[in-house]
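# Overview (structure and organization)
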Amino acid sequence: MADTRAPAPRLRSLDALRGFDMLWIVGLAALFRQLAKVTEISWLDAVSAQLTHVDWEGLRAYDLVFPLFMFLAGMSVPYSLRPKLERGISRAGLLAGVWKRAAVLVLLGIVYNDGLQFEFADQRYASVLGQIGIAYGIAASIFVLTKTWKGRVAGCAVILFGIAGLQLLFPVPGHGAGVLTPEGIVNGWIDRALLPGKLYGGSFDPEGWLCAVSAAALTLGGVIAGDYVRGWGGPSYTAASRMLIAGTGLLFAGWLCWQFGYPPIKAAWNSTFNLLAGGICTWLFVVFYLLIEFKPDTRWSFPFEVVGMNPLTIYLGARIISFPEVSAFFFGGVAGRCGDWGVVVLAAGVLLIEWLILWYLWRKKTFLRV
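The model shown is predicted, which means the values in this text are computed figures rather than measured ones. (Residues numbered from 1 in each chain as written. Predicted model: local features only at pLDDT ≥ 70, side-chain atom pairs only at ≥ 80, totals over all residues. Heavy atoms only, no water.)

### Remarks on the overall build of the protein
Scanning the protein for helices and strands turns up 14 helices and zero strands. When each of the 370 residues of the protein is scored for burial, the buried share is 47%. Sequence-distant contacts, at least 24 apart, represent 71% of the contacts inside the protein between residues at least 6 apart. Entry remark: accessible area of the protein is about 18100 Å², with carbon and sulfur atoms responsible for 67%. In the protein, 30 positive and 23 negative side-chain charges are present, and the distance between their average locations comes to 12 Å. (Helix = DSSP H or I, 4+ residues; strand = E, 2+ residues; numbered from the N terminus. Buried < 20%, exposed > 50% of the residue type's maximum accessible area, 1.4 Å probe, protein only. Contact = heavy atoms within 4.5 Å. Areas by Shrake-Rupley, 256 points an atom, 1.4 Å probe, with all protein chains shown as cover. Lys, Arg positive; Asp, Glu negative; His and termini not counted. Charge placed at Lys NZ, Arg CZ, Asp CG, Glu CD.)

### Remarks on the environment of Gly165
Inspection of the secondary structure puts Gly165 in helix H6 (residues 149-169). Among the residues examined, Gly165 registers a relative accessible area of 23% and is labelled partly exposed. For the pair formed by Gly165 and Gly178, sequence separation is 13 residues and the distance between their alpha carbons is 9.1 Å.

### Focus on the packing of aromatic side chains
This structure, assessed with the given rule, holds 22 aromatic pairs. The interplanar angle of 80° and the centroid separation of 6.2 Å between the aromatic rings of Trp300 and Phe304 together place this pair among those described as edge-to-face. For Trp300, a relative accessible area of 41% puts it in the partly exposed group. Their ring planes at 90° and their centres at 5.1 Å tell us that Phe329 and Phe330 sit as a pair that is edge-to-face. (Phe/Tyr/Trp six-rings, centres within 6.5 Å; stacked < 30°, edge-to-face > 60°.)

### Some words on the packing of helix H8 (residues 209-231) against helix H9 (residues 237-259)
Contact geometry for H8 and H9: axes closest at 9 Å, N-to-C directions at 160°. Looking at the two axes, H8 sits roughly antiparallel to H9. Considering only the axes of H8 and H9, their crossing is right-handed. The residues of H9 that touch H8, namely those facing Ala225, Tyr228 and Val229, are Thr238, Ala239, Arg242 and Met243. (Axes fitted to C-alpha atoms, helices over the stretch in contact; angles between N-to-C directions. Parallel < 35°, antiparallel > 145°, perpendicular 65-115°, else oblique. Left-handed = near helix turned anticlockwise from the far one by under 90°.)

### A few points about a nonpolar patch on the surface
Together, Val111, Leu116, Phe118 and Phe120 line one region of the surface with nonpolar side chains, adding up to about 450 Å² of accessible area. Tracing the chain through its elements places Leu116 in the loop between helix H4 (91-112) and helix H5 (128-145). The exposed category is assigned to Leu116, whose relative accessible area is 57%. (Patch = residues over 30% accessible without salt bridge, like charges linked within 9 Å, V, L, I, M, F, W, Y side chains within 5 Å. Salt bridge = Lys/Arg side-chain N within 4 Å of Asp/Glu carboxyl O.)

### Let's talk about the nonpolar core
Core analysis: the biggest nonpolar cluster contains 80 residues, and Met75, Trp269 and Phe285 have the highest contact counts within it. The contacts of Met75, once residues within four sequence positions are left out, are Leu14, Gly222, Val223, Ala225, Gly226, Val229 and Phe285. Membership of the second largest hydrophobic core comes to 14 residues, among which are Ala140, Ile142, Val144 and Leu220. (Core = buried A, V, L, I, M, F, W, Y, C linked by side-chain atoms within 4.5 Å.)

### Some details on the pattern of salt bridges
Enumeration according to the criterion identifies eight salt bridges in this entry. Between Asp227 and Arg82 there is a salt bridge whose closest N-O contact spans 2.8 Å. With Asp227 in helix H8 and Arg82 in helix H3 (residues 65-86), the pair connects residues that are 145 residues apart, well separated along the chain. Two residues, Glu207 and Arg124, come together in a salt bridge whose shortest N-O distance is 2.5 Å. Taken together, the residues Glu207 in the loop between helix H7 (186-194) and H8 and Arg124 in the loop between H4 and H5 connect sequence positions 83 residues apart. Of the two residues, Glu207 and Arg124, neither departs from the other in class, the shared state being buried.

### Here's the deal with the packing of H6 against H8
How two helices sit against one another is set out by the angle between their axes and by the gap between those axes. Contact pair H6 / H8: the axes reach a minimum separation of 9 Å and the direction vectors enclose 155°. For the element pair H6 / H8, the angle class is roughly antiparallel. Handedness of the crossing formed by H6 with H8: left-handed. From H6, Arg152, Val153, Gly155, Cys156, Ile159, Leu160, Ile163 and Leu166 reach across to H8, where they touch Leu210, Val213, Ser214, Ala216, Ala217, Leu220, Gly221, Ile224 and Asp227.

Honestly, it's all geometry; don't read function into it.
Shown next, in the form of structure tokens:
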């Protein structure tokens, strides 16, 4: 029987959550850190402590910012590729487009890491954008090549078990198997052998080859979630409740791995981290989904949506433009008269300027996409 459901509308909750996530990257985390220093309020100190990465093992809120973006990137895949499949565009053509986009992201990541300076010996080739590109390429390819959610879940399982097997069982030369340290983990050994240029972590790179492949599991989890939500054609409490159950299952599985001696390591993007991050990302999406999709006149999410519809623009813009200097130009006089609160004024100014630029681009319907 033919599917007679109307095309699913754009998920405002997806845009809003992506914008919420991006704001922590481009200035909101810095604002909270400054507030904690100035006020010395205990709960702000606790929040500020969560806005730093763990050194190696463990999990803090800030460790979830990048994974959440990748999960949401996966969720958008069915909304962009499913209609093309339904229109009869060949899978080969879609795969070519997927890997073209992946290649562009890898190149943009090299540019982001000062690639235009042409200092090839000191160039860092791995990057956040490169990892997004490779993980997106793998996850989107699996989506195109499989016809059911079962095939995609199987793809996730293959990646998760494969990464865990390599990290726990592969005998790294000079260290042995199951040595989960920056020097002894298999990620570092592969990066030192196969990744040219400079490694961000010295002996390993947190966006290296194995990390990018592993991150594809989380991105593919987003693909599965996005395709499931899209399939309902509109807001559904049933979809939300089932996703909460799935997220709980992922958290429980990650907790079990941790208890059995395989801790979450974000820098190595191991399978335990994928499971925990996948569960939390699913829960976060459901919260935004419930708060936004069931109330069409919701206004509070608009500032987040403006950011979430242009994430690449603000990510690259924050690298190219010194927004702290721009903020000092416009708000330095006010900040100078605010005593200790001056740093808070300047941090808030950065966010305001960034948002106004994105709002202007939104008004002009100008969005940077690859």
